[in-house]
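# A structural walkthrough
Each chain, letter by letter, is given below.
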Amino acid sequence: MGWGKIAAVLASAVVIAVTAAALMGSSFEAETEGDLNKSALDSYLKNQYDNADSYPTRLLILGNADMDDDLDEDDMALIELTASAQYDYVSSYFCDANYDGVIDSLDADMVRELMDLDYAGTVNYLNCDFKIRSYDMGMPLRTSNILTQTLEMLCVLCPESVVAVDDRCSETGIQGQYWKEFASVLDYGKMGHVGSHKAPSAEKYLMVAKEYGDGYLTAVMNSEYAQSTGYMEKQLSNTTVQIVRIPSWERGGICCGMLTLGYMFHSYGTAVDWVAWHDSYYDDIMDRVSKLADDQRKKAVVSVLGDTDISSLDKFQINFTTSGEYQNLVRMGVIDVGGQYLRDKGLAGAQWEVEISRESFIAMYTDYGIDCLIGTIPGPYNVSPLNPKNPSAQDNYVKVEKFLDDYCGGIPLQVIGWEYATGPMEITYLAMLAGALYGWEYDIESMVNEGLQWMHVYGTGEGQWTYETIKDTFLCPVLRGRRR
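What counts as what
- Residues numbered from 1 in each chain as written.
- Predicted model: local features only at pLDDT ≥ 70, side-chain atom pairs only at ≥ 80, totals over all residues.
- Heavy atoms only, no water.
- Helix = DSSP H or I, 4+ residues; strand = E, 2+ residues; numbered from the N terminus.
- Buried < 20%, exposed > 50% of the residue type's maximum accessible area, 1.4 Å probe, protein only.
- Areas by Shrake-Rupley, 256 points an atom, 1.4 Å probe, with all protein chains shown as cover.
- Arc of directions from axis to C-beta.
- Contact = heavy atoms within 4.5 Å.
- Polar contact = N/O pair within 3.5 Å; in protein donor to acceptor, adjacent residues only side chain to side chain.
- 1 Å grid on protein atoms, 1.4 Å probe; cavity = no way out; pocket = protein on both sides within 12 Å on 5 of 7 lines; lining within 4 Å.
- Points joined across faces, edges and corners; volume = space filled by probe spheres on them.
- Nonpolar A, V, L, I, M, F, W, Y, C, P; charged D, E, K, R; others polar.
- Pairing = 2+ DSSP bridges.

The subject of this paragraph is the overall build of the chain. Across its full length, the chain holds 16 helices and 14 strands. Evaluated residue by residue, the chain yields a buried proportion of 53% over its 484 residues. Counting only carbon and sulfur atoms, one obtains 51% of the accessible surface of the chain, whose full area is about 20400 Å².

Residues that lie three or four places apart on an α-helix share one face, since the helix turns once every 3.6 residues. The set of residues buried in helix α3 (residues 105-114) consists of Asp107, Ala108, Met110, Val111 and Leu114. Projection of α3 onto a plane perpendicular to its axis shows the buried side chains occupying an angular sector of 160°, all on one side. On its buried face, α3 is in contact with α2 (73-83), β1 (122-126) and α8 (254-264). With a side-chain oxygen positioned 3.1 Å from the backbone nitrogen of Leu106, the residue opening α3 is Asp104.

What follows concerns empty space enclosed by the protein. Scanning the entire structure with this criterion turns up one cavity of 30 Å³ or more. What lines the largest cavity is Ala300, Val301, Val302, Ile318, Asn319, Tyr326, Leu329, Asp336, Gly338 and Gly339. At the level of secondary structure, the elements contributing two or more residues to the lining of the largest cavity comprise β8 (299-304), β9 (315-319), α10 (324-331) and α11 (337-344). Top contributing element to the lining of the largest cavity by residue count: β8, with three residues. Taken together, the residues of the lining of the largest cavity break down into six nonpolar, three polar and one charged.

The two faces of the sheet receive side chains in turn, since in a regular strand these alternate between them. Summarising burial for strand β6 (residues 217-221): five of the five residues are buried, a large majority. A two-sided burial pattern is seen for β6, the buried positions comprising Leu217, Ala219 and Met221 on one face and Thr218 and Val220 on the other. By the bridge criterion, three bridges tie strand β3 (residues 143-145) to β6 in an arrangement that is parallel. Each residue of the ladder has a partner; that of Asn145, found in β6, is Val220. With five bridges joining them, β6 and strand β7 (residues 241-245) adopt parallel strand pairing.

The next point concerns the side chain of Asp443. With respect to the secondary-structure elements, Asp443 resides in the loop between α14 (427-438) and α15 (444-454). Owing to a relative accessible area of 13%, Asp443 belongs among the buried residues under this scheme. At 2.6 Å, the side chain of Asp443 and the side chain of Ser446 are in polar contact.

Printed below as a string of C-alpha cells:
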C-alpha cells in the first residue's frame, strides 16, 4: 500500500475515532448526571449512618417527597415543583421515586402508581443501613425472619406469609426457646429453617424458597453490619429470593420499619393502625420528656446483662449508637453517661455495643456519676439458659446488683427483657424508663397485653401469653404503674 493510501486510511481512522469519542462523550454526559447524583447520595447516606443519625422519615419509600406517613397528591405536587426548579439532589432524594438519579415528571407518575395500595411493581426504599434498595411487590409474599423482632413484625402485619424461621426462633431451640413466643400463631411443623443469623447462606435460602415458598421468599433481615452479611444481596440478585433490611431494633426505628414493611407487604392499613397505637403512648411520654428541667434529667447507662452468646458477666456490653436500647434511652432526656464515656475514651462509632471491663465501669461511675443502670436480658420468653453452665437471668441480676452495691454506691438497677426493649414492643421499654428514671406511672400491663394482641399471641391457651404469665421474666423489679 502506498503512502497516499496509508495516509487516507489513517485520516479515516482518526475521523472515526473522533466521531466515536464525541458520541461516547455525549452518551457519557447523558448517563452520568444520574450516576453522579447517586454517588453523592451514597456518600451522604454513609455519613448519616456513621454519625448515628435518625431515619429521615417513618415511611421510607422513595416518592414520599414530603416525608410524612403516606403517599398522596402532596408528594406528586412537591416532586413536580422540585423538578421545575434547580434542585439539590441529595437534599431532595426522596422525590426520586424511580431512583434514576434525576428528579422529573416520571417520578410524579410513579407516585401516582404507588398511591394504589395494590401496586405490584418495583418500589425503592431506604433500608436500615441507610442504603437505597428495591423490592418487587409483585412477587408472591412468602417470608422468613432474622431474629425475634422481625418475626414479631411479621406476626403483626402478615403472619400467614411466614414459611420459614431462623435458628434463633426455631422449634429445635438451637439458640434457646424464643420460638415459644410465636407457638400459637406459627405452625412450626410446616415451616423451613433458614439457618443462623450469623452466617446466612444464599444456597439455603434458595432451597427454602423452593421447598416452602413455591419458589419465592422474602427474608426480613437486620442490619448487614451486625454480622457482616451484606454478601446476601449480591448472591441472591436476579433470583426470586429477596432481602429486605428494615428497622426493627436498629436506632429505635420500629415505626419506620412497620410503616415501610406494611406498605411493601400490602398490609399498610394494619401498619398505620399499629403506629397509631404506638403513638398514643409514645407522644404522651415524649411530651413529658420535653418539659423536663435540666436538674431533673438522670444520668443513665444501658448495657446487655445477658444473652444467648455469653456465659459470664466479667465485662459490660454498653449499648451504643445503632441500638434501639441506646437511642430510646437518649430520647428519654437522660444525661448520656455511657455515650459520653465512650466518646471521651475514643471508642465512639456506629456500633451496637462496646465492651468495657468492670474496672472501666467503676471508673465511669466515679468520674461521671450514674443515677441508674438499665440492663437487658434475653427475656421474657428465653430466660432459661440453653447451656446449664450459663447463668440464669436471676443469676445475672443478683450478680450485677452485688457488683453495683460493692463498687458503685448501690445505684439502682432496672432490668428488661430485650425482646421488649426494641421491636414492636419497644413502647414497654419507654414506659419502663419513664418509671425507673422519673417515677412516671404508665399502665405497662395494658401495653403488654395490647401488644400481644397485635402479634396474635395473646390469651391463656397453649402457646399464648398475657402480662401475668411473663411479668416475672419481663421486668426486674416489676413496675406496676398505672397510666396517669
